[in-house]
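Residue strings, one per chain:
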Amino acid sequence: MGRRKKLAEIDRLEGNPSRRLIEESGIEALGEPFIPEHLSDDARGCIDVIKQAMPPNIYSALDSFLLSAFATAWAIHKKATLVISEPKFQWIEASKRGAGVESPWIKMQRQQAALMASLGDRLGLDPKSRAALKIPDATKRKSKFAGLLGTQSYSSNFRN
(Lines give C-alpha, C1' and ligand atoms only; values in the text may rest on other atoms or scores of the structure.)
Protein backbone atom coordinates (compact mmCIF):
# COMPACT_ATOMS: atom_id res chain seq x y z
CA MET A 1 0.00 0.00 0.00
CA GLY A 2 2.82 2.47 0.71
CA ARG A 3 3.05 5.59 2.81
CA ARG A 4 0.10 7.92 3.11
CA LYS A 5 0.58 11.08 1.07
CA LYS A 6 0.99 14.29 3.07
CA LEU A 7 -1.50 17.09 2.71
CA ALA A 8 -0.41 19.86 0.35
CA GLU A 9 -0.51 22.44 3.14
CA ILE A 10 1.86 20.36 5.30
CA ASP A 11 4.30 20.10 2.38
CA ARG A 12 4.19 23.90 2.08
CA LEU A 13 4.71 24.37 5.83
CA GLU A 14 7.72 22.05 5.71
CA GLY A 15 9.22 24.08 2.89
CA ASN A 16 8.66 21.35 0.26
CA PRO A 17 11.84 19.38 1.04
CA SER A 18 11.32 17.02 -1.91
CA ARG A 19 11.19 19.97 -4.34
CA ARG A 20 8.48 18.15 -6.29
CA LEU A 21 5.42 19.91 -7.58
CA ILE A 22 2.90 20.18 -4.76
CA GLU A 23 -0.37 18.75 -5.98
CA GLU A 24 -3.51 20.02 -4.34
CA SER A 25 -5.59 17.21 -2.95
CA GLY A 26 -9.11 17.38 -1.66
CA ILE A 27 -10.80 20.63 -0.75
CA GLU A 28 -9.62 23.43 1.48
CA ALA A 29 -11.45 23.48 4.80
CA LEU A 30 -12.84 26.86 5.76
CA GLY A 31 -13.90 28.64 8.91
CA GLU A 32 -12.62 28.84 12.44
CA PRO A 33 -13.00 25.92 14.85
CA PHE A 34 -15.92 26.26 17.24
CA ILE A 35 -16.50 24.89 20.71
CA PRO A 36 -19.72 22.85 20.93
CA GLU A 37 -22.03 23.90 23.76
CA HIS A 38 -22.77 20.33 24.87
CA LEU A 39 -19.20 19.77 26.13
CA SER A 40 -18.31 19.94 29.81
CA ASP A 41 -16.51 23.01 31.14
CA ASP A 42 -13.25 21.01 31.34
CA ALA A 43 -13.52 19.93 27.70
CA ARG A 44 -14.40 23.45 26.56
CA GLY A 45 -11.38 24.80 28.44
CA CYS A 46 -9.17 22.17 26.82
CA ILE A 47 -10.21 23.28 23.33
CA ASP A 48 -9.61 26.92 24.30
CA VAL A 49 -6.05 26.11 25.42
CA ILE A 50 -5.34 24.15 22.23
CA LYS A 51 -6.66 26.95 19.99
CA GLN A 52 -4.56 29.57 21.81
CA ALA A 53 -1.41 27.42 21.75
CA MET A 54 -1.39 26.67 18.02
CA PRO A 55 -0.58 29.13 15.22
CA PRO A 56 -3.55 30.69 13.40
CA ASN A 57 -5.14 28.91 10.45
CA ILE A 58 -3.94 25.45 11.53
CA TYR A 59 -7.45 24.27 12.38
CA SER A 60 -10.69 24.86 10.49
CA ALA A 61 -14.35 24.48 11.39
CA LEU A 62 -14.20 20.82 10.30
CA ASP A 63 -11.55 20.13 12.94
CA SER A 64 -13.98 21.12 15.70
CA PHE A 65 -15.29 17.57 15.90
CA LEU A 66 -11.84 16.03 16.29
CA LEU A 67 -10.93 18.71 18.84
CA SER A 68 -14.16 17.90 20.72
CA ALA A 69 -13.30 14.20 20.82
CA PHE A 70 -9.80 14.98 22.13
CA ALA A 71 -11.14 17.42 24.73
CA THR A 72 -13.79 14.95 25.93
CA ALA A 73 -11.14 12.23 26.29
CA TRP A 74 -9.02 14.69 28.27
CA ALA A 75 -11.92 15.60 30.58
CA ILE A 76 -12.66 11.89 31.26
CA HIS A 77 -8.94 11.23 31.83
CA LYS A 78 -8.81 14.14 34.28
CA LYS A 79 -11.82 12.81 36.23
CA ALA A 80 -10.32 9.31 36.39
CA THR A 81 -6.99 10.72 37.54
CA LEU A 82 -8.66 12.74 40.30
CA VAL A 83 -10.51 9.64 41.54
CA ILE A 84 -7.31 7.55 41.45
CA SER A 85 -5.36 10.20 43.37
CA GLU A 86 -7.76 10.11 46.33
CA PRO A 87 -6.11 8.63 49.46
CA LYS A 88 -8.77 5.94 49.95
CA PHE A 89 -8.73 4.76 46.32
CA GLN A 90 -9.00 0.97 45.97
CA TRP A 91 -6.60 -0.22 43.26
CA ILE A 92 -7.93 -3.79 43.35
CA GLU A 93 -11.64 -4.50 43.54
CA ALA A 94 -13.55 -7.76 43.84
CA SER A 95 -15.21 -9.06 40.68
CA LYS A 96 -18.65 -10.71 40.65
CA ARG A 97 -16.95 -14.04 41.32
CA GLY A 98 -14.78 -12.66 44.09
CA ALA A 99 -11.48 -12.49 42.22
CA GLY A 100 -9.34 -9.36 42.46
CA VAL A 101 -9.45 -7.11 39.39
CA GLU A 102 -8.08 -3.65 38.75
CA SER A 103 -10.39 -0.73 39.36
CA PRO A 104 -12.47 0.38 36.35
CA TRP A 105 -11.09 3.89 36.90
CA ILE A 106 -7.59 2.66 36.00
CA LYS A 107 -8.88 1.07 32.79
CA MET A 108 -10.80 4.26 31.95
CA GLN A 109 -7.72 6.42 32.53
CA ARG A 110 -5.55 4.16 30.37
CA GLN A 111 -8.10 4.07 27.51
CA GLN A 112 -8.51 7.85 27.46
CA ALA A 113 -4.72 8.32 27.50
CA ALA A 114 -4.42 6.05 24.44
CA LEU A 115 -7.23 7.94 22.68
CA MET A 116 -5.60 11.30 23.47
CA ALA A 117 -2.27 10.04 22.08
CA SER A 118 -3.95 8.94 18.85
CA LEU A 119 -6.05 12.08 18.38
CA GLY A 120 -3.24 14.35 19.55
CA ASP A 121 -1.01 12.98 16.81
CA ARG A 122 -3.64 13.79 14.20
CA LEU A 123 -4.11 17.28 15.61
CA GLY A 124 -0.36 18.00 15.82
CA LEU A 125 -0.42 18.23 19.62
CA ASP A 126 2.58 16.07 20.47
CA PRO A 127 6.21 17.21 20.14
CA LYS A 128 6.97 14.80 17.28
CA SER A 129 4.05 16.08 15.19
CA ARG A 130 4.93 19.71 15.89
CA ALA A 131 8.57 19.11 14.99
CA ALA A 132 7.45 17.88 11.58
CA LEU A 133 5.78 21.24 10.93
CA LYS A 134 8.38 23.84 10.10
CA ILE A 135 7.98 27.60 9.95
CA PRO A 136 6.15 28.72 6.78
CA ASP A 137 8.35 30.44 4.18
CA ALA A 138 6.62 33.78 4.72
CA THR A 139 7.82 33.99 8.33
CA LYS A 140 11.40 32.81 7.76
CA ARG A 141 14.11 35.41 7.51
CA LYS A 142 15.91 35.61 4.21
CA SER A 143 19.60 34.85 4.26
CA LYS A 144 21.91 37.64 3.17
CA PHE A 145 23.17 35.19 0.53
CA ALA A 146 19.68 34.51 -0.86
CA GLY A 147 19.61 34.63 -4.65
CA LEU A 148 23.41 34.53 -4.95
CA LEU A 149 23.29 31.21 -6.77
CA GLY A 150 19.86 31.74 -8.26
CA THR A 151 18.04 29.79 -5.52
CA GLN A 152 16.07 30.98 -2.56
CA SER A 153 17.59 30.15 0.80
CA TYR A 154 16.54 30.98 4.29
CA SER A 155 18.61 31.43 7.37
CA SER A 156 18.21 28.82 10.08
CA ASN A 157 19.69 31.29 12.52
CA PHE A 158 17.33 34.03 13.66
CA ARG A 159 20.13 36.24 15.03
CA ASN A 160 21.68 38.90 12.82
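Residues numbered from 1 in each chain as written. Predicted model: local features only at pLDDT ≥ 70, side-chain atom pairs only at ≥ 80, totals over all residues. Heavy atoms only, no water.

## Here we look at the packing of helix α3 (residues 64-84) against helix α4 (residues 104-123)
At step 1: Contact geometry for α3 and α4: axes closest at 8 Å, N-to-C directions at 150°. What the angle tells us is that α3 and α4 run roughly antiparallel. Between α3 and α4 the crossing geometry is left-handed.
At step 2: Grouping the constituent residues of the contact of α3 with α4 by class yields 18 nonpolar, five polar and two charged. (Axes fitted to C-alpha atoms, helices over the stretch in contact; angles between N-to-C directions. Helix = DSSP H or I, 4+ residues; strand = E, 2+ residues; numbered from the N terminus. Parallel < 35°, antiparallel > 145°, perpendicular 65-115°, else oblique. Left-handed = near helix turned anticlockwise from the far one by under 90°. Nonpolar A, V, L, I, M, F, W, Y, C, P; charged D, E, K, R; others polar.)

## Description of the environment of Val83
At step 1: Assignment of secondary structure puts Val83 in helix α3.
At step 2: Expressed as a C-alpha distance, the spacing of Val83 and Ile106, which sit 23 residues apart in the sequence, is 9.4 Å.
At step 3: If sequence neighbours within four positions are ignored, Val83 has contacts with Phe89 and Trp105. (Contact = heavy atoms within 4.5 Å.)

## So, the nonpolar core
At step 1: Of all hydrophobic cores here, the largest spans 15 residues; its most connected members are Ile50, Tyr59, Leu67 and Phe70.
At step 2: Considering each element in turn, this core owes the most residues, five residues, to α3.
At step 3: Excluding residues that lie within four positions of it along the chain, Leu67 makes contacts with Pro33, Ile47, Ile50, Tyr59 and Leu123. (Core = buried A, V, L, I, M, F, W, Y, C linked by side-chain atoms within 4.5 Å. Buried < 20%, exposed > 50% of the residue type's maximum accessible area, 1.4 Å probe, protein only.)

## Re the side chain of Ser64
At step 1: By secondary structure assignment, the location of Ser64 is in helix α3.
At step 2: Within the structure, Ser64 has its side chain in polar contact with the backbone nitrogen of Phe34 (distance 2.8 Å).
At step 3: Among the polar contacts made by the side chain of Ser64, one reaches the main-chain carbonyl oxygen of Ala61 at a distance of 2.9 Å.
At step 4: The residues touching Ser64, leaving out its near neighbours within four places in the chain, are Pro33 and Phe34. (Polar contact = N/O pair within 3.5 Å; in protein donor to acceptor, adjacent residues only side chain to side chain.)

## Digging into helix α2 (residues 41-53)
At step 1: Taking 1.5 Å of rise per residue, 13 residues should cover 18 Å, and α2 covers 18 Å from first to last C-alpha, within 8% of that figure.
At step 2: Among the residues of α2, Ala43, Cys46, Ile47 and Ile50 are the ones counted as buried. Down the axis of α2, the buried side of the element spans an arc of 95°, and every buried residue falls inside it. Facing away from the buried side of α2, by more than 90 degrees, are the exposed residues Asp41, Val49 and Gln52.
At step 3: Where α2 is buried, its residues meet α3. (Expected span 1.5 Å × (residues − 1). Arc of directions from axis to C-beta.)

## What about the packing of aromatic side chains?
At step 1: Scanning the entire structure with this criterion turns up two aromatic pairs.
At step 2: Note on Phe34 and Phe65: the rings are 5.7 Å apart at their centroids and 85° apart in plane angle, and the pair reads as edge-to-face. Placement of Phe34 in the loop between α1 (8-13) and α2 and of Phe65 in helix α3 is noted, with a sequence separation of 31 residues between them.
At step 3: Its relative accessible area of 56% is what places Phe65 among the exposed residues.
At step 4: Ring centres 5.1 Å apart and planes at 85° place the aromatic pair Phe89 and Trp91 in the edge-to-face group. (Phe/Tyr/Trp six-rings, centres within 6.5 Å; stacked < 30°, edge-to-face > 60°.)

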